[in-house]
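What follows is the residue order along each chain.
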Amino acid sequence: MQVLIYPSYEALSVAAAEVIAEVVATKPDAVLGLATGSTPRALYKELIRMHKDEGLDFSHVRTFNLDEYVGLTAEHDQSYHYFMHENLFKHINVNPQNIHIPSGTTHNYPAFCQWYEDRIEECGGIDVQLLGIGSDGHIAFNEPGSSLGSRTRIKTLAEQTIDDNARFFKSKDDVPIYAITMGVGTILEADKLVLLASGDGKAKAIADAIEGPISAMCTASSLQLHPDSLFFIDGAAAGNLEMRSYYEWIQAKMPGAPHPD
Ligand code: GLP
């Protein structure tokens, strides 16, 4: 695990975007695992900038999103389909046929979930998976109690997540109760994991994920099992880390490591 602490949300986003861009530059048909939520927005902005200013080419890239709300159509302005189109896809040269996002409106969820898993495998697996973290320590929609070996499936949202995400909807009652999500086991199979967190609302979840026991109660703690997981966080999100000064020491000494300056 690498814990990389940056002075601001913008700085961590730019540094994490460089990791994604490096994967795309070295493997033009890379398989990117993508995330939604407010946290990855600035990273997507930076990838768009790199595409427009530096010619970063997404034409052969394949993408798989982590999750989608059950019951929302792709046109719904709070669906993750809509989010991805607005915040990334419509601004870059990704081939629409190479985009995969779980369907929130399929009539056969088990079959769809199996197809999604098979499709990831057919594409050779995910090269780099972007992640946010919920305030209860979830990754994608793998709420507390999710098996660390879980695969893509339907998941019932925790009340904490419904409260957190209510800000995006007209009212709490409009937040869907179910989501379709890659499982923790699915996520852990990606070659590289890049988790972003910003703000003191994430400080507890980040400390539990990095320094707590590996537990289904904080599914982000499963990243401790992964050989190449990177945490890009700001000072506020790092606020509860007991070993913070050690992580900063490693970051400062690491040759070629992304650095706050
Ligand atoms: C949702 C998403 C997660 C995301 C989390 C945090 O629950 N399913 O993938 O990490 O929200 O979102 P935010 O970045 O807005 O705090």
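Above: the structure in question.
Criteria and cut-off values
Residues numbered from 1 in each chain as written. Predicted model: local features only at pLDDT ≥ 70, side-chain atom pairs only at ≥ 80, totals over all residues. Heavy atoms only, no water. Helix = DSSP H or I, 4+ residues; strand = E, 2+ residues; numbered from the N terminus. Buried < 20%, exposed > 50% of the residue type's maximum accessible area, 1.4 Å probe, protein only. Contact = heavy atoms within 4.5 Å. Near = heavy atom within 4 Å. Polar contact = N/O pair within 3.5 Å; in protein donor to acceptor, adjacent residues only side chain to side chain. 1 Å grid on protein atoms, 1.4 Å probe; cavity = no way out; pocket = protein on both sides within 12 Å on 5 of 7 lines; lining within 4 Å. Sits in = over half its atoms within 2 Å of the grid points. Points joined across faces, edges and corners; volume = space filled by probe spheres on them. Nonpolar A, V, L, I, M, F, W, Y, C, P; charged D, E, K, R; others polar. Pairing = 2+ DSSP bridges. Axes fitted to C-alpha atoms, helices over the stretch in contact; angles between N-to-C directions.

Peer 1: I'd like a rundown of the environment of Asp200, residues and numbers included.
Peer 2: Relative to the elements of secondary structure, Asp200 occurs in the loop between β9 (192-197) and α7 (203-211). The exposure class of Asp200 is exposed, given its relative accessible area of 65%. For the pair Asp200 and Ala237, spaced 37 residues apart in sequence, the C-alpha separation works out to 4.9 Å. Excluding its chain neighbours within four sequence positions, the residues that come into contact with Asp200 are Ala236 and Ala237.

Peer 1: Which residues make up the site of the ligand, and what values go with them?
Peer 2: For the ligand, the set of nearby residues contains 14 residues, the closest of which are Ser38, Thr39, Asp67, His138 and Lys202. Thr39 places a side-chain nitrogen or oxygen 2.4 Å from an oxygen atom of the ligand. His138 places a side-chain nitrogen or oxygen 2.8 Å from an oxygen atom of the ligand. Judged by the proximity of its atoms to the pocket grid, the ligand belongs to the largest pocket.

Peer 1: Which residues make up the layout of surface pockets, and what values go with them?
Peer 2: Taken as a whole, the largest pocket encloses approximately 640 Å³ of empty space. Surrounding the largest pocket, 35 residues form its lining, Thr36, Gly37, Ser38, Asn165 and Phe168 being those nearest its centre. Listed by contribution, the elements that provide at least two residues to the lining of the largest pocket are β4 (67-69), α3 (80-87) and α5 (159-165). Sorting elements by how many residues they give to the lining of the largest pocket places α3 first, with five residues. Among the residues making up the lining of the largest pocket, the classes are represented as 13 nonpolar, 15 polar and seven charged.

Peer 1: Lay out the sheet that holds strand β7 (residues 153-156) with the relevant residues and their values.
Peer 2: Here three strands make up an open sheet; going across it, the order is β4-β8-β7 and the pairing antiparallel. Both outer strands of the open sheet, β4 and β7, are each paired with one neighbouring strand and no more. Across the sheet, the mean angle from the axis of one strand to that of its neighbour is 30°, orientation sign disregarded. One ladder, built from four bridges, connects β7 with strand β8 (residues 178-181); its direction is antiparallel.

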